[in-house]
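Analysis of the macromolecular model
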Amino acid sequence: MSMQFTDASDKETAEAYEEGLAQLTDNARHVIMHLTELAHDYSRDRKERVIVAVIERHIRKVKTGHKLPALYLMDSIVKNHQTPYRDLFQQNIVSTFASVFITAPEKVRSLMYRLRNTWNDIFTPTKMFQLDKKVKTMDPAWPIVNTPPASSSTKVHTTSPQPNIHVNPAVFNRPRDDNASIFEEVQRKERELLELRKKKLELELEVTRKEVEERQSKVEREPSKSTQRSSKKVGPGITSCISSIYYDPFYRLLRSIFLDAYYLNIIR
């Protein structure tokens, strides 16, 4: 039975579209696409409100097995021709969706949940929250995807600006007195240590000098020996002499003292 329209043209449009809806008994793609483009053609004649009213009434009145295909038709029209159908279908989307969900079996409800998740960018968050809230009263397991919109009466708390604190860089970067005294104490200890090392080296040098003089005088008192040797024996004799000097403990001590004196001059 066609809806009651006062305008003859609107009544004719409603009757013609209802004939097409009667063929939508399952999820037939070609039927849905035909009715989608037919709705677009009627919108050019400014009959979009008639089409929306016919589809919404059809969804409520048709038997349970035919409700989901009609809901898919509404979805197709909204996504393919948002203007002007999106705003018109959005007005009753909560009650329209709920009228299908209330009698739908579990399998159809799962399909409706998938369909609803494609509407986040189609309908407003407020409508989607209202839809989820309505369906949740019929099925407690239904998730609420969108959060409730913020109330316009919500107070916005603002913090007053903090006063600026000006710091004098000269005062801030001034070295502390205790740090300065510690630094001076460290320098004084380093100077004392260098002086002690210097005195130690001087004493060691004096002892070494005396030992060298004693060794020299001892060598002079010994009788001279013949130094003539064959050319074959000169090489080994020189090698053994150099080796004895290099490994002599006295020579090694003297070398260590002079090295310490050298590094001390570098440090100073």
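Residues numbered from 1 in each chain as written. Predicted model: local features only at pLDDT ≥ 70, side-chain atom pairs only at ≥ 80, totals over all residues. Heavy atoms only, no water.

**A closer look at the overall build of the protein**
Assigned secondary structure in the protein consists of 12 helices and zero strands. When the elements of the protein are put in sequence order from the N terminus, they spell out α-α-α-α-α-α-α-α-α-α-α-α. Relative to its full complement of 268 residues, the protein shows a buried share of 29%. (Helix = DSSP H or I, 4+ residues; strand = E, 2+ residues; numbered from the N terminus. Buried < 20%, exposed > 50% of the residue type's maximum accessible area, 1.4 Å probe, protein only.)

**Remarks on helix H8 (residues 125–138)**
Its 14 residues give H8 an end-to-end C-alpha distance of 20 Å, which sits within 8% of 20 Å, the value for a rise of 1.5 Å per residue. If you check which residues of H8 are buried, you get Met 128, Phe 129, Leu 131, Asp 132 and Val 135. The buried residues of H8 all sit within an arc of 160° when viewed along its axis, so they share a single face. The outward face of H8, more than 90 degrees from its buried face, is lined by the exposed residues Lys 133 and Thr 137. (Expected span 1.5 Å × (residues − 1). Arc of directions from axis to C-beta.)

**Details of the packing of aromatic side chains**
Counted under the stated rule, the structure contains seven aromatic pairs. In this structure, Arg 109 packs its charged tip against the face of Phe 101, placed 4.1 Å from the ring centre. (Phe/Tyr/Trp six-rings, centres within 6.5 Å; stacked < 30°, edge-to-face > 60°. Lys NZ or Arg CZ within 6 Å of the ring centre and 35° of its normal.)

**So, the nonpolar core**
Tyr 17, Ile 55, Leu 71, Leu 73, Phe 97, Met 112 and Trp 119 are the most contacted members of the largest nonpolar core, which totals 44 residues. Looking at this core, the elements that each hand over two or more residues are helix H1 (8–21), helix H2 (29–44), helix H3 (48–61), helix H4 (64–80), helix H5 (82–90), helix H6 (93–101), helix H7 (106–116) and H8. It is H4 that contributes the most residues to this core, eight residues altogether. Residues in contact with Phe 97, not counting those within four places in the same chain, are Leu 71, Met 112, Arg 116, Trp 119, Leu 131, Val 135 and Trp 142. (Core = buried A, V, L, I, M, F, W, Y, C linked by side-chain atoms within 4.5 Å. Contact = heavy atoms within 4.5 Å.)

**Looking at the packing of H3 against H6**
Where H3 contacts H6, the two axes come as close as 9 Å, and the packing angle between them is 25°. Classified by the interaxial angle, the pair formed by H3 and H6 is roughly parallel. Relative to H6, H3 is oriented so that their crossing is left-handed. Side by side, H3 and H6 meet where Glu 56, Ile 59 and Arg 60 of the first sit next to Ser 95, Thr 96, Ser 99 and Val 100 of the second. Tallied by class, residues from the contact of H3 with H6 come to two nonpolar, three polar and two charged. (Axes fitted to C-alpha atoms, helices over the stretch in contact; angles between N-to-C directions. Parallel < 35°, antiparallel > 145°, perpendicular 65-115°, else oblique. Left-handed = near helix turned anticlockwise from the far one by under 90°. Nonpolar A, V, L, I, M, F, W, Y, C, P; charged D, E, K, R; others polar.)

**Examining the packing of H3 against H4**
With their axes 8 Å apart at the nearest point, H3 and H4 run at an angle of 160° to one another. One element, H3, and the other, H4, form an angle in the roughly antiparallel class. Between H3 and H4 lies a crossing whose hand is left-handed. Contacts between H3 and H4 involve Ile 55, His 58, Ile 59, Arg 60 and Lys 61 on the former and, on the latter, Lys 67, Ala 70, Leu 71, Leu 73, Met 74 and Ile 77. When the residues that make up the contact of H3 with H4 are grouped by side-chain class, the tally is seven nonpolar, one polar and three charged.

**Observations concerning the environment of Arg 57**
Among the secondary structure elements, Arg 57 is positioned in helix H3. Looking at Arg 57, the relative accessible area reads 27%, which means it is partly exposed. Separated by 39 residues in sequence, Arg 57 and Thr 96 have C-alpha atoms that sit 9.0 Å apart.

**Some points on the confidence of the model for the protein**
Averaged over the protein, the pLDDT score is 79; the fraction of residues at 70 or greater is 67%. In the predicted structure, residues 226–235 sits below a pLDDT of 50 and forms one contact with residues beyond four places in sequence or in another chain. (pLDDT = per-residue confidence, 0-100.)

**Structural notes on H5**
Along H5, the residues that are buried comprise Tyr 85, Leu 88, Phe 89 and Gln 90. In this structure, the buried side of H5 is in contact with H2, H3, H4, H6 and H8.

**Digging into the pattern of salt bridges**
Tallying each qualifying case throughout the model produces eight salt bridges. Residue Lys 79 pairs with Asp 75 through a salt bridge whose shortest N-O separation is 3.0 Å. Here the residue Lys 79 and the residue Asp 75 both occupy positions in helix H4, the gap between them amounting to four residues, near one helical turn. Classification of Lys 79 as partly exposed rests on a relative accessible area of 32%. On the basis of relative accessible area, Asp 75 is assigned to the buried category, the value being 10%. Notably, a salt bridge pairs Arg 116 with Asp 132, separated by 2.8 Å at the nearest N-O pair. Residue Arg 116 is located in helix H7, and its partner Asp 132 is located in helix H8; the two are separated by 16 residues in the primary sequence. (Salt bridge = Lys/Arg side-chain N within 4 Å of Asp/Glu carboxyl O.)

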